[in-house]
Amino acid sequence: MKTIFRSPESIEDRDKSKKAIFLAGSIEMDKAVNWQKRGEEVLSEKYVIFNPRRASWNTSWEQSIDNPQFKEQVLGN
């Protein structure tokens, strides 16, 4: 069963028998260090990981609630 979920993936297919960890912290692309990747490596065997860092984020997208991609990132779908 899937144990790592990145925004904006659905979490419906998660392993509900494992505790979950949300990797909260800075995800500012091209500015914040990608510490979440190491967290996934270390924790994903024992926990379901929710990583807000989006692999497909485009730095040209305006960070505004009026931008559909940003809104999906922050509020989900």
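Structure report, in brief. Keep in mind it's a predicted model, so treat the numbers as computed, not measured.

## Brief notes about the overall build of the chain
No. 1: Assigned secondary structure in the chain consists of 2 helices and 3 strands.
No. 2: Taken from N to C terminus, the helices and strands of the chain fall in the order β-β-α-β-α.
No. 3: Relative to all contacts within the chain whose residues are 6 or more apart in sequence, the contacts with residues 24 or more apart total 53%.
No. 4: Here the chain displays about 5,500 Å² of accessible surface, and carbon together with sulfur accounts for 50% of that area.
No. 5: Charge-centre separation for the chain: the mean point of 13 positive side chains lies 6 Å from the mean point of 12 negative side chains.

## Quick look at the pattern of salt bridges
A side chain of one charge can pair with a side chain of the opposite charge if their charged atoms are brought near each other.
No. 1: For the structure on display, the rule yields 4 salt bridges.
No. 2: Where Arg6 meets Glu40, a salt bridge forms, and the shortest distance between an N and an O atom there is 2.8 Å. Taken as a pair, Arg6 in strand E1 (residues 4-6) and Glu40 in helix H1 (residues 35-43) lie far apart in primary sequence, 34 residues in all.
No. 3: The partly exposed category is assigned to Arg6, whose relative accessible area is 32%.
No. 4: Between Arg54 and Glu72 there is a salt bridge, and its shortest N-O distance comes to 3.0 Å. With Arg54 in the loop between strand E3 (48-51) and helix H2 (68-75) and Glu72 in helix H2, this residue pair connects regions lying 18 residues apart in the sequence.
No. 5: The exposure class assigned to Glu72 is partly exposed, which follows from its relative accessible area of 22%.

Rules of the game
Numbering of residues starts from 1 in each chain and follows the order in which that chain's sequence is written. Only residues with pLDDT of 70 or above have their local features reported here, since the model is predicted, and side-chain atom pairs are shown and tallied only from 80 upward, although totals for entire chains, interfaces and linings are computed over all residues. Note: side-chain values were computed over all heavy atoms of the structure, leaving out hydrogens and water. Comment: elements are numbered from the N terminus, with helices defined as DSSP H or I runs of at least four residues and strands as E runs of at least two. Two residues form a contact once any of their heavy atoms are found within 4.5 Å. Computed by Shrake-Rupley with a 1.4 Å probe, the accessible areas treat only the displayed protein chains as cover when residues are assessed. Think of it this way: Lys and Arg go in the positive column, Asp and Glu in the negative one, and His and the chain ends go nowhere. By convention, charge coordinates are those of NZ in Lys, CZ in Arg, CG in Asp, or CD in Glu. Take a side-chain nitrogen of Lys or Arg and a carboxyl oxygen of Asp or Glu: if they are within 4 Å of each other, that pair is a salt bridge. Exposure classes here rest on a 1.4 Å probe applied to the protein chains alone. A residue is buried below 20% of its type maximum, exposed above 50%, and partly exposed in between.

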